[in-house]
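# Summary of the model geometry
These are the residues of each chain, in order.
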Amino acid sequence: AGSLSILDGAQVQTLVRQAAGNVPAGQGNAGNININVRDAFTLDGVNFVPSSVISGLDFRATGRGGNIDVEAGSFSITNGAQLTASTFGLGDAGNIDINVSNHLTVAGVNAGFTSRFTSNVGVGGVGNGGDINIQTNSLSITDGAQVQTLVREAAGNAPAGQGNAGNININVRDAFTLDGVNVAPSTVTSDLDFGATGRAGNIDIEAGSF
């Protein structure tokens with residue numbers, strides 16, 4: 001596309017679904033998501049659910065999450081929107097690869113949802129998280145926004161995740177700004193949560209200024 005906007009709770013998804021009633025969980029690989037936008041890609045807002053681009057395995061599904069690849073002239077994730085690769089099932093999450101010619105913005109919290117890139121091994125997940133690779137001319141992560149890879153702790157009857165969190169690789173030709181708090185700080189993190197099994201990923205940052 002020349003430009004692309006995903007707004008007000010709209011979603012692009014590739015998923016392997018969890019069980020429902022007497023129907024068992026899905027078995028197979030989620031598809032990849034490839035987005036190529038010559039100018040501006042805008043992912044913005046919440047309407048009951050965040051505007052999002054998602055690929056993953058649902059709880060107890062078997063297979064592999066898909067990769068998410070974005071190329072754009074500029075890219076903004078704002079007001080609680082999210083881009084996520086995850087596994088809550090038996091299998092690995094996909095990678096997230098972002099290549100932006102000009103400016104990449106990740107900013108804000110809305111209705112309890114944090115604007116973020118995330119790759120995670122969720123509750124009940126057994127597998128490895130994907131890497132997050134970002135290349136851009138300039139990058140700002142502000143107002144409580146997050147870039148994160150993690151292996152989650154237990155929740156309710158679902159056990160903690162088992163596997164390794166992905167690595168985060170950020171390459172910024174000019175200025176990288178990480179600034180501010182909105183409920184929580186703006187962060188770049190790789191975590192192994194309480195009771196989870198595995199290892200956190202590496203964080204590698206190269207920038208003209210930071």
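Check the entry above for the structure.
Below or above, wherever it landed, is the structure these notes cover. Numbering of residues starts from 1 in every chain and runs along the sequence as written. The predicted nature of this model means local features are confined to residues of pLDDT at least 70 and side-chain atom pairs, given and counted, to a pLDDT of 80 or more, with totals for whole chains, interfaces and linings taken over all residues. Calculation of side-chain values draws on the structure's entire complement of heavy atoms; hydrogens and water are dropped beforehand.

## Details of the nonpolar core
Where a protein is soluble and globular, its nonpolar side chains tend to be buried together. Short version of the rule: What we call a nonpolar core is a set of buried Ala, Val, Leu, Ile, Met, Phe, Trp, Tyr and Cys residues that are connected through their side-chain atoms within 4.5 Å. Remark: exposure states derive from per-residue accessible area (1.4 Å probe, protein chains only) relative to the maximum for the residue type, with buried under 20%, exposed over 50%, and partly exposed in between. Here, residues are in contact when the closest pair of their heavy atoms is within 4.5 Å.
Of all hydrophobic cores here, the largest spans 32 residues; its most connected members are Phe41, Leu43, Val53, Phe75, Leu83, Ile98 and Phe117. Sequence-distant contacts of Ile98, that is, excluding residues within four places in its chain, are made with Val70, Phe75, Leu83, Leu104, Phe117, Asn133, Ile134 and Gln135.

## Details of the pairing of strand S14 (residues 116–121)
Stated precisely, the cut-off is as follows: Labels follow the DSSP assignment, with helices taken as runs of H or I lasting at least four residues and strands as runs of E lasting at least two, numbered in each case from the N terminus. Here, any two strands with at least 2 DSSP bridges between them count as paired.
Judged by how many residues are buried, S14 sits mostly within the fold: six of six residues are covered. The two faces of S14 match: Arg116, Thr118 and Asn120 on one face and Phe117, Ser119 and Val121 on the other face are all buried. Looking at chain direction, S14 and strand S16 (residues 146–151) are connected through six bridges and run parallel. Note that in S16 the partner of Thr118 across the bridge is Gln148.

## Some details on the packing of aromatic side chains
In plain terms, the rule: Pairing of aromatic side chains requires ring centres within 6.5 Å, counting the rings of Phe and Tyr and the six-membered ring of Trp. Pairs whose planes differ by under 30 degrees are stacked, by over 60 edge-to-face, and all others tilted.
A complete count under the given rule lists three aromatic pairs for this structure. Plain terms: the ring middles of Phe75 and Phe117 are 5.9 Å apart, the flat faces sit at 65° to each other, and that makes the pair edge-to-face. Note that Phe75 is positioned in strand S9 (residues 68–78) and Phe117 in strand S14, a separation of 42 residues in sequence. Just as Phe75 is buried, Phe117 falls in that class too. With 4.5 Å between their ring centres and 10° between their planes, Phe176 and Phe210 make a pair best called stacked. With Phe176 in strand S17 (residues 168–179) and Phe210 in the segment after strand S21 (203–209), this residue pair connects regions lying 34 residues apart in the sequence. Phe176 sits in the buried class, given a relative accessible area of 2%. Judged by its relative accessible area of 61%, Phe210 is exposed.

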